[in-house]
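Examining the three-dimensional arrangement
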Amino acid sequence: MVWAVEKTIKDGNWWGNVSWSVVYRIYQMKGYQGTVSQFVRDVSRWPFTIHIRYDCNDDAVGKPIRTGKISRSLDKWVEDGASSQFVILGEALMKALAQFRK
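Residues numbered from 1 in each chain as written. Predicted model: local features only at pLDDT ≥ 70, side-chain atom pairs only at ≥ 80, totals over all residues. Heavy atoms only, no water.

For the rest of this paragraph, the subject is the overall build of the protein. The secondary structure content of the protein amounts to five helices and zero strands. The linear arrangement of helices and strands in the protein, starting from the amino end, is α-α-α-α-α. Relative to a compact globule of 102 residues, whose C-alpha radius of gyration would be 13 Å, the protein shows 12 Å and is just as compact. Taking the principal axes of the C-alpha coordinates as reference, the protein spans close to 35 × 30 × 25 Å. The 102 residues of the protein split such that 45% are buried. For the protein, restricting intrachain contacts to residue pairs at least 6 apart in sequence, the fraction spanning at least 24 positions comes to 62%. When the accessible surface of the protein is summed, it comes to about 5,800 Å², and 50% of that surface belongs to carbon and sulfur atoms. (Helix = DSSP H or I, 4+ residues; strand = E, 2+ residues; numbered from the N terminus. Rg over C-alpha atoms; globule rule 2.2 N^0.38 Å. Buried < 20%, exposed > 50% of the residue type's maximum accessible area, 1.4 Å probe, protein only. Contact = heavy atoms within 4.5 Å. Areas by Shrake-Rupley, 256 points an atom, 1.4 Å probe, with all protein chains shown as cover.)

Below is the structure:
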């Protein structure tokens, strides 16, 4: 997930701290079962190789989740009212994770 985060940042898919909510949701879709607070703690220990200028905190992750716009599967986000930025980042993370496994 660290590699996917770094790749999507380098590719220009991030726009603010709330981008972390997309990472959290995609991570959940891949099997992560921790809470928002646990995710924030986990991210603080991830071994990034680049400077991450976006702050991962409970509000950045939790507020977008609570709107319900990115609560279902990625293919439902547009239908649920998520902005294109969220969808683009979600798709880019999924693609990066698929590439990493190869």
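The subject of this paragraph is the nonpolar core. Residues W20, V23, F39, W46 and W77 are the most contacted members of the largest nonpolar core, which totals 32 residues. Those elements that place two or more of their residues in this core are α1 (2-10), α2 (19-29), α3 (36-43), α4 (58-66) and α5 (84-101). The biggest single contributor to this core is α5, with six residues. Not counting residues within four places of it along the chain, the set of residues in contact with V23 comprises M1, V5, W14, F39, W46 and L93. (Core = buried A, V, L, I, M, F, W, Y, C linked by side-chain atoms within 4.5 Å.)

Another aspect to go through is the packing of α3 against α4. As a packed pair, α3 and α4 sit with axes 9 Å apart at the nearest point and diverge in direction by 140 degrees. The angle between α3 and α4 falls in the class oblique. Viewed along their axes, α3 and α4 form a crossing whose handedness is right-handed. In contact with V36, S37, F39 and V40 of α3, α4 contributes D58, V61 and G62. (Axes fitted to C-alpha atoms, helices over the stretch in contact; angles between N-to-C directions. Parallel < 35°, antiparallel > 145°, perpendicular 65-115°, else oblique. Left-handed = near helix turned anticlockwise from the far one by under 90°.)

Turning to the side chain of S21, a few remarks are in order. With respect to the helices and strands, S21 occurs in helix α2. What makes S21 buried here is its relative accessible area of 0%. Filtering out sequence-adjacent residues up to four positions away, S21 remains in contact with A60, V61, P64, I65, I70 and F86.

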